[in-house]
Amino acid sequence: MDIVKGLSMHRESDELAEIRRAVRSLCEAFPGEYWRAKDSVREYPAEFVDALTKAGFLAALIPTEYGGSGLSLDEAAVIMEEIQASGCNGGAAHAQMYIMNTILRYGSDEQKSDYLPKIASGDLRLQAFGVSEPTSGTDTLSLKTRAVRNGDEYIINGQKIWTSRAEHSDLMLLLARTTPRDQVEKKTEGLSMFLVDMQQAVGNGMEIKPIRTMMNHSSCEVFFDDLRIPASALVGEEGKGFRYILSGMNAERILIAAECIGDAKWFIDQAKTYASDRTVFARPIGQNQGIQFPIARCYSQMRAAELMVHHAAAVYDEGGNPGEEANMAKLLASEASWAAADMCVQTFGGFGFAEEYDVERKFREARLYTVAPISTNLILSYLAEHVLGLPRSY
Ligand SMILES: Cc1cc2nc3c(=O)[nH]c(=O)nc-3n(C[C@H](O)[C@H](O)[C@H](O)COP(=O)(O)OP(=O)(O)OC[C@H]3O[C@@H](n4cnc5c(N)ncnc54)[C@H](O)[C@@H]3O)c2cc1C
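Residues numbered from 1 in each chain as written. Predicted model: local features only at pLDDT ≥ 70, side-chain atom pairs only at ≥ 80, totals over all residues.

1. What about the site of the ligand?
The condition that has to hold: We call a residue near a molecule or strand when the C-beta position, derived from backbone atoms, sits within 6 Å of it. Per the convention used, a helix needs a DSSP run of H or I reaching at least four residues, while a strand needs a run of E reaching at least two, with both numbered from the N terminus. By the convention adopted, Pro, Cys, Tyr, Trp, Phe, Met, Ile, Leu, Val and Ala count as nonpolar, Lys, Arg, Asp and Glu as charged, and the other residues, Gly among them, as polar.
In the vicinity of the ligand lie 22 residues, with V131, G137, T138, W162 and S375 positioned nearest. Elements with a minimum of two residues in the shell around the ligand: β1 (126-130), β3 (153-164) and α14 (376-387). Residue composition of the shell around the ligand, by class: 10 nonpolar, 12 polar and no charged.

Spelled out as structure tokens, the structure:
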């Protein structure tokens, strides 16, 4: 554990150090055995999510006037990083931290006062984010789920895929098309955001089907068949949903990048400890440069990515638009964590595959982040086009 603390060496305020300590202390109650048991039957880690909620960590970004902690994004990022560095899995709850941003920024006063205090207290879980669809993939503007206004209601038809935590959320932020694509002036218009009450919707036009994946992530398919929701569920202006999604992406990418840094620290810590303890040919394997160098390389890679994560968070917290920095943070951090995961398995040799060491579980969990919430290629495309001014490739 000490090494992970030692790894957080960018100059930190006492507040950040205190957040790290508090998160670590909470995570100690959720050791590897807990996660292994959940993983083996793909069960939602409800106790862990409840503990995070009660401690106020998931309400980090909700302003104090709505009952949240009113922390900065950099502080929220440290929470997610420490969860991962402790061997836990923040993927079970991270969305509760950032999805509410759309309501905070674009919701009506009524939506904010109705929902944010309950989300902050944990009475309502807003953990489901319905964007991805099976046929449109990364091309969000091609999504097909329709919301048609009918008097005081919208009627929803269509399908989402990979809606994580859908079975464990009271509310879903849903992106659906309100104006057909061939009838909008700009192709980025015509999509709208809705806050769907899932408790009411399930069985009344909404059906949720879990997808079994390589790790315990509670992802689902969600089907809409004439689901009726009140017109008051619309968030912000009709037709502007894509813009709202884009504006929330920087925070999401920075927080996920921070999780990747935490994962990388966990893998490096495990590898370092194991390499010191494991003796083969009458000496610790860590005495061999063939074992040392990959650990040192991963450490350097992680530290460089960590700087970018904090830099991106700082730009965000200063009110800037860190599109470039948030994308680079996510790219570098997800690659650093995956490199560290691979290095850790190699360092452990055969024991890297044994469940009891948690390396194989974290390896499976860490694999996600070069694909979701945005894949590496799409980040590179963003940087090529929007930062470097190269021609748009798609
Ligand atoms: C476990 C899990 C949880 C998820 N949770 C959620 C969630 O809660 N809510 C939600 O809305 N979505 C969620 N997703 C979806 C996730 O955001 C997408 O899987 C991801 O954005 C990639 O989209 P896709 O799977 O449709 O891949 P595709 O778009 O089909 O792409 C497949 C591959 O082709 C590449 N590619 C596509 N187009 C181009 C191009 N023009 N140039 C170069 N390469 C290209 C991509 O980079 C990728 O490598 C989740 C996914 C997973 C696996």
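From this point, the narrative continues.
2. With respect to the packing of helix α10 (residues 241-277) against helix α11 (residues 289-317)
What counts here: Fitted lines through C-alpha atoms serve as axes, helices being fitted only where they are in contact, and the angles separating the N-to-C directions of these axes extend from 0 to 180 degrees. Should an angle fall under 35 degrees it is taken as roughly parallel, and over 145 as roughly antiparallel, whereas 65 to 115 is taken as roughly perpendicular and any remaining angle as oblique. In this scheme the crossing of two helices becomes right-handed for a clockwise turn of the near helix relative to the far one and left-handed for an anticlockwise turn of less than a right angle. We call two residues in contact when their backbone-placed C-beta atoms lie within 7 Å.
It is the contact of α10 with α11, at a shortest axis distance of 9 Å, that shows an interaxial angle of 155 degrees. On the basis of the axis angle, α10 is roughly antiparallel to α11. Here α10 and α11 pass one another in a crossing that is left-handed. Taken together, the residues of α11 that come into contact with α10 (itself represented by N250, A251, I254, A257, A258, I261, A264, K265, I268, A271, K272 and A275) are I291, I295, C298, Y299, M302, A305, E306, V309, A312, A313 and Y316. When its residues are assigned to classes, the contact of α10 with α11 shows 19 nonpolar, one polar and three charged.

3. Examining the environment of I261
Here I261 shows up in helix α10. Residues I261 and E335 lie 74 residues apart in sequence; the distance between their C-alpha atoms is 9.7 Å. Setting aside its immediate chain neighbours within four residues, I261 contacts E81, M302, A305, E306, V309 and A333.

4. Examining unusual backbone geometry
Here the bond from A372 into P373 is cis, since omega is 0 degrees, no more than 30 degrees from zero. Although it is not a glycine, A282 adopts a positive phi angle of roughly 65 degrees. One can find A282 in the loop between β9 (279-280) and β10 (283-284).

5. Digging into the nonpolar core
We apply this condition: What we call a nonpolar core is a set of buried Ala, Val, Leu, Ile, Met, Phe, Trp, Tyr and Cys residues whose membership is set by joining through C-beta atoms within 7 Å. The exposure label follows from counting other C-beta atoms within 10 Å of a residue's C-beta, where the C-beta atoms are placed from the backbone and the thresholds are 20 or more for buried and 12 or fewer for exposed, leaving partly exposed in between.
Formed by 119 residues in total, the largest nonpolar core has its most connected members in F194, I254 and V309. Considering every element that reaches this core, the biggest residue donor is α10, with 17 residues. Apart from residues no more than four positions distant in its own chain, F194 is found in contact with A147, Y154, L174, A176, I229, A233, L234 and V235.

6. Some remarks on the environment of T140
Among the secondary structure elements, T140 is positioned in the loop between β1 and β2 (146-150). For T140, a count of 17 C-beta atoms within 10 Å corresponds to the partly exposed category. Through-space distance from the C-alpha of T140 to that of M198 is 22 Å; in sequence the pair is 58 residues apart. If we skip the residues at most four places from it in the chain, T140 touches V131 and F242.

7. Considerations on the domain arrangement of the protein chain
Short version of the rule: Domain extents, as shown, originate in an automatic or database domain assignment.
Domain boundaries in the protein chain define domain 1 (2-121), domain 2 (126-240) and domain 3 (243-387). Look at where the C-alpha atoms of domain 2 and domain 3 centre, and you get two points 31 Å apart. Taken residue by residue, the interface counts nine residues in domain 2 and eight residues in domain 3. Per-class residue counts for the side of domain 2 that touches domain 3 are five nonpolar, three polar and one charged.

8. Some remarks on the packing of helix α5 (residues 73-85) against α10
A pair of packed helices is captured by two measures, namely the crossing angle of their axes and the spacing between those axes. Across the interface, α5 lies against α10 with an axial gap of 7 Å and an inter-helix angle of 35 degrees. The chirality of how α5 crosses α10 is right-handed. Contacts from L73, A76, A77, V78, M80, E81, E82, I83, Q84 and A85 of α5 reach α10 at A251, I254, L255, A258, E259, I261, G262, D263, K265 and W266. Class assignment of the residues belonging to the contact of α5 with α10 gives a composition of 13 nonpolar, two polar and five charged.

9. Quick notes on helix α12 (residues 323-348)
Counted only if it meets this: The span expected for a helix works out to 1.5 Å for each residue beyond the first.
Given a rise of 1.5 Å per residue, 26 residues ought to cover 38 Å, and the 37 Å separating the end C-alpha atoms of α12 matches this to within 8%. Among the residues trailing α12, G349 stands out with phi positive, at a value near 60 degrees.

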